[in-house]
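Breakdown of the fold
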Amino acid sequence: MVSEQGKMVVANWKAALSPVKVKQWLDVFRQRYRPVSGIEVVLAVPSLYLRQVYREVASLDGVAVAAQHVSPYPPGAYTGALPAVWLAGMAGYTLAGHRETRKYFHETLQEVAGQVREAVSAGLVPILCMERAVATAQIAAIDSGDLERTVLSYTPSDAVQLEVAHGAREVRDAAAFFSALSGGRPVLYGGGVNRENIQELMGVPELAGVMVGRSCLDVSEFLDLLETLR
Ligand SMILES: O=C(CO)COP(=O)(O)O
């Protein structure tokens, strides 16, 4: 879990890497990754790869694993679901409410709140992704006890679609807005983060870290990006 001083870099693989590519990514990462003081690297990977990724990175300092999605329901007759409790011990985190799962899988505020609840009760830390437009209603749908265990992430659509990050001042305003709304929970930013802008964004004092999509898919590019934080 992100500490008082430390910051997080979440690498969101989305659904972009085939099994062959995942093996290559992990081979290079294991050879070349060196921990960066004060930085926790969180690999957010498709369910299919969770066990494999966990096995490969469990021994690396400063690296944790996140699911990209968990079920809003407990284990039972829910075909196609991934109950959060099954991931305990393997993933430390799960994403919830990412703009792509909201958009393509039509997740409702209640379903996202259910994912957060299931994640917290399984001992995972939810990384709750939101845009400003849904933030007030989404946070209101979440139990206050669950919110206390949650990391928020500001992931504006335009930045993700255009691959152009919001500027540091805008990110700072948004982080303050999200933090005030949630009783001071840590806030991440995601959207267009790359090797050129990560240092400036990680320097925003109100921000607990960043989420990286496209720039983590090439493992060398991602390792270079981490090196800029050393
Ligand atoms: O969705 C994101 C992180 O989860 C951001 O993706 P990009 O870094 O590709 O804009």
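Note that this is a predicted model, so its numbers are computed, not measured.

1. Examining the overall build of the chain
Of regular secondary structure, the chain possesses ten helices and eight strands. Its C-alpha atoms give the chain a radius of gyration of 16 Å, near enough to 17 Å, the size a compact globule of 230 residues would have. Projected onto the principal axes, the alpha-carbon positions of the chain cover approximately 40 × 40 × 30 Å. Scored against the burial criterion, the 230 residues of the chain give a buried share of 53%. Pairs at least 24 apart in sequence give 73% of the contacts found in the chain among residues at least 6 apart. As displayed, the chain has an accessible area near 10500 Å², and 51% of this comes from carbon and sulfur atoms.

2. Focus on the site of the ligand
Residues in contact with the ligand amount to eleven residues; listed here are only the nearest, His98, Glu163, Gly192, Gly213 and Arg214. Note that an oxygen atom of the ligand is positioned 2.9 Å from one of the backbone N or O atoms of Arg214. In isolation the ligand offers 300 Å² of accessible surface; the protein chains occlude 98% of this area. Spatially, the ligand is embedded in the largest cavity. For the shell around the ligand, the per-class residue count stands at three nonpolar, five polar and three charged.

3. A look at empty space enclosed by the protein
Throughout the structure, instances matching the rule amount to one cavity of 30 Å³ or more. What the largest cavity holds in volume is close to 120 Å³. In this structure, the largest cavity is lined by 15 residues; those nearest its centre are Lys14, Gly191, Met211, Val212 and Gly213. In the lining of the largest cavity, the residues fall into four nonpolar, eight polar and three charged.

Rules of the game
Residues numbered from 1 in each chain as written. Predicted model: local features only at pLDDT ≥ 70, side-chain atom pairs only at ≥ 80, totals over all residues. Heavy atoms only, no water. Helix = DSSP H or I, 4+ residues; strand = E, 2+ residues; numbered from the N terminus. Rg over C-alpha atoms; globule rule 2.2 N^0.38 Å. Buried < 20%, exposed > 50% of the residue type's maximum accessible area, 1.4 Å probe, protein only. Contact = heavy atoms within 4.5 Å. Areas by Shrake-Rupley, 256 points an atom, 1.4 Å probe, with all protein chains shown as cover. Near = heavy atom within 4 Å. Polar contact = N/O pair within 3.5 Å; in protein donor to acceptor, adjacent residues only side chain to side chain. 1 Å grid on protein atoms, 1.4 Å probe; cavity = no way out; pocket = protein on both sides within 12 Å on 5 of 7 lines; lining within 4 Å. Sits in = over half its atoms within 2 Å of the grid points. Nonpolar A, V, L, I, M, F, W, Y, C, P; charged D, E, K, R; others polar. Points joined across faces, edges and corners; volume = space filled by probe spheres on them.

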